[in-house]
Amino acid sequence: MEKIIIKYRDESIHRLEYIGGKSDWIDLRSCEDMTLKKGESALVPIGVAMKLPAGYEAHVVPRSSTFRNFGLLQTNHCGIIDESYCGPNDWRFVPVLATRDTEIHAGDRLFQFRIMKHQPAIVFEEGELSGTDRGGFGSTGIQ
């Protein structure tokens, strides 16, 4: 079992919890109340800093209900945090764009993350491809 060292900004921050089973993703919550107008961008603070195990990175994405409930888009689409971002003041934030006027409250579950191993070392070798041709981008149809 891998260990993640975590620091919370203060005692009010909701403690992270790995449940496993139903989902391997861990919810992240806003740690502050925020009001955003349509078209505004912001960094949503989640109130944690952490040290990941060597050779791992965190992938951060919105929860499936975030757009419906808050009208937020994560502007980097998938945030990647590697194990080198681990100083005592390397607090985690998630960049968002509001597609409508919205309110975020401390404790709202907006994002989720999971820990992934780094990609193994690879080499690109130029050559001919011999797989079955699927017809190119967008060719699999609508239904």
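Report on the accompanying structure. (Residues numbered from 1 in each chain as written. Predicted model: local features only at pLDDT ≥ 70, side-chain atom pairs only at ≥ 80, totals over all residues. Heavy atoms only, no water.)

What the 3 strands build is an open sheet, ordered β4-β9-β7; its pairing is antiparallel. Of all strands in the sheet, those with a lone pairing partner are β4 (41–45) and β7 (72–74), marking the two edges. Sheet twist, expressed as the mean angle between neighbouring strand axes with direction ignored, is 40°. Sheet topology places β7 next to strand β9 (residues 93–98); 3 bridges connect them, and they run antiparallel. Residue pairing across strands places Gln-74 opposite Val-96, the latter belonging to β9. (Pairing = 2+ DSSP bridges. Helix = DSSP H or I, 4+ residues; strand = E, 2+ residues; numbered from the N terminus. Axes fitted to C-alpha atoms, helices over the stretch in contact; angles between N-to-C directions.)

With that settled, consider a nonpolar patch on the surface. Taken together, the side chains of Phe-67, Leu-73 and Leu-97 make up a nonpolar region of the molecular surface, amounting to roughly 240 Å² of accessible area. Summarising the element assignment, Leu-97 is placed in strand β9. (Patch = residues over 30% accessible without salt bridge, like charges linked within 9 Å, V, L, I, M, F, W, Y side chains within 5 Å. Areas by Shrake-Rupley, 256 points an atom, 1.4 Å probe, with all protein chains shown as cover. Salt bridge = Lys/Arg side-chain N within 4 Å of Asp/Glu carboxyl O.)

Mapped onto the secondary structure, Ser-64 falls in the loop between β6 (56–62) and α1 (66–70). For the pair formed by Ser-64 and Gly-47, sequence separation is 17 residues and the distance between their alpha carbons is 21 Å.

Let's shift gears to unusual backbone geometry. Residues other than glycine seldom take positive phi values, yet His-77 does so here, at roughly 60°. Within the secondary structure, His-77 is located in the loop between β7 and β8 (79–82). For His-77, a relative accessible area of 64% corresponds to the exposed category. (Buried < 20%, exposed > 50% of the residue type's maximum accessible area, 1.4 Å probe, protein only.)

Within this structure, the stated rule accounts for 6 salt bridges. The partner of Arg-63 in a salt bridge is Asp-27, with the nearest N and O atoms 3.1 Å apart. Pair noted here: Arg-63 is in the loop between β6 and α1 and Asp-27 is in strand β2 (residues 26–29), with a separation of 36 residues, a long-range link. Since its relative accessible area comes to 24%, Asp-27 is described here as partly exposed. It is possible to trace a salt-bridge network through shared partners that takes in Arg-9, Asp-10 and Glu-32.

Let's shift gears to the sheet that holds β8. Read across the sheet, 4 strands follow the order β2-β11-β6-β8 without closing on themselves; strand pairing throughout is antiparallel. Sheet topology places β2 and β8 at the edges, where each strand pairs with a single neighbour. Along the sheet, successive strands turn relative to each other by an average axial angle of 30°, direction set aside. Strand direction decides the pairing type here: β2 and strand β11 (residues 109–117), joined by 4 bridges, are antiparallel. Across the sheet, Arg-29 pairs through a bridge with Arg-109, a residue of β11.

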